[in-house]
Structure formats: structure tokens, C-alpha cells
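Given next are the chains, with one letter for each unit.
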Amino acid sequence: MCQHQPPCPTADSADREAAHLVAHHPEQGWSLLCNGVLLFEDTGELLPDGRIIAPHRPLAGAQVMTAA
């Protein structure tokens, strides 16, 4: 699937999110990577074989913002 050199990480790799973007649709909340992984804006993923990776947002409290 990937034509890049060096090739992008496979969908089974731990660093699969480092693959190149093929399609980006922020208005719909998803992006497609060249390894076939669908990334969702909530950090969830759908792998090419149908497996689901649950959202994995960082839990750092320092990144939480409150409205004034």
C-alpha cells in the first residue's frame, strides 16, 4: 500500500499513527493514513482488518483548559 521510502509503519505497528496522510476530513472528524488506518479526532482508530482501537487521549491535567 505505501509507496514512501522508507515505508510507513504498518497498521500493526505501535507507531502506526506516523504514516503519511492520504485523506484528511476535519469537518467529519477523521483522517486516512497510507497504511489503511482511519484516525478519528477523539484519537480512536479503525484498523484495516476491522479492529477498533479505543480513544487514547493523554490524561495530563495540565492540558485541561477552563472557560473564564
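One can find the structure itself at the top, above this paragraph.
So, a few notes on the structure that sits alongside this text. In this text, all values refer to a predicted model and were calculated from it rather than measured experimentally.

Examining the environment of Ala-11
Logical step 1: Tracing the chain through its elements places Ala-11 in the segment before β1 (21-25).
Logical step 2: Given the relative accessible area of 12%, Ala-11 is considered buried.
Logical step 3: Ala-11 sits 22 residues away from Leu-33 along the chain, and the two C-alpha atoms are 9.2 Å apart.
Logical step 4: In contact with Ala-11, not counting residues within four places along its chain, are Arg-16, Asn-35, Val-37, Leu-47 and Pro-48.

A few points about the environment of Ile-53
Logical step 1: Within the fold, Ile-53 resides in strand β5 (residues 52-53).
Logical step 2: Take Ile-53: its relative accessible area is 22%, and that puts it in the partly exposed class.
Logical step 3: Through-space distance from the C-alpha of Ile-53 to that of Leu-39 is 9.5 Å; in sequence the pair is 14 residues apart.
Logical step 4: With residues up to four places along the chain from it excluded, the contact list for Ile-53 reads Arg-16, Gly-44, Glu-45 and Leu-47.

Observations regarding unusual backbone geometry
Logical step 1: The backbone phi angle of Thr-43 is positive, close to 75 degrees, even though this residue is not glycine.
Logical step 2: Here Thr-43 is to be found in the loop between β3 (38-40) and β4 (45-46).

A short note on the side chain of Arg-16
Logical step 1: Considering the arrangement of structural elements, one finds Arg-16 in the segment before β1.
Logical step 2: In terms of polar contacts, Arg-16 uses its side chain to reach the backbone carbonyl oxygen of Ala-11, at 3.3 Å.
Logical step 3: Of the polar contacts made by the side chain of Arg-16, one reaches the backbone oxygen of Ser-13; its length is 3.1 Å.
Logical step 4: Setting aside residues no more than four positions away along its own chain, Arg-16 makes contact with Pro-9, Thr-10, Ala-11, Leu-33, Asn-35, Val-37, Glu-45, Leu-47 and Ile-53.

So, how was this worked out
- Residues numbered from 1 in each chain as written.
- Predicted model: local features only at pLDDT ≥ 70, side-chain atom pairs only at ≥ 80, totals over all residues.
- Heavy atoms only, no water.
- Helix = DSSP H or I, 4+ residues; strand = E, 2+ residues; numbered from the N terminus.
- Buried < 20%, exposed > 50% of the residue type's maximum accessible area, 1.4 Å probe, protein only.
- Contact = heavy atoms within 4.5 Å.
- Polar contact = N/O pair within 3.5 Å; in protein donor to acceptor, adjacent residues only side chain to side chain.

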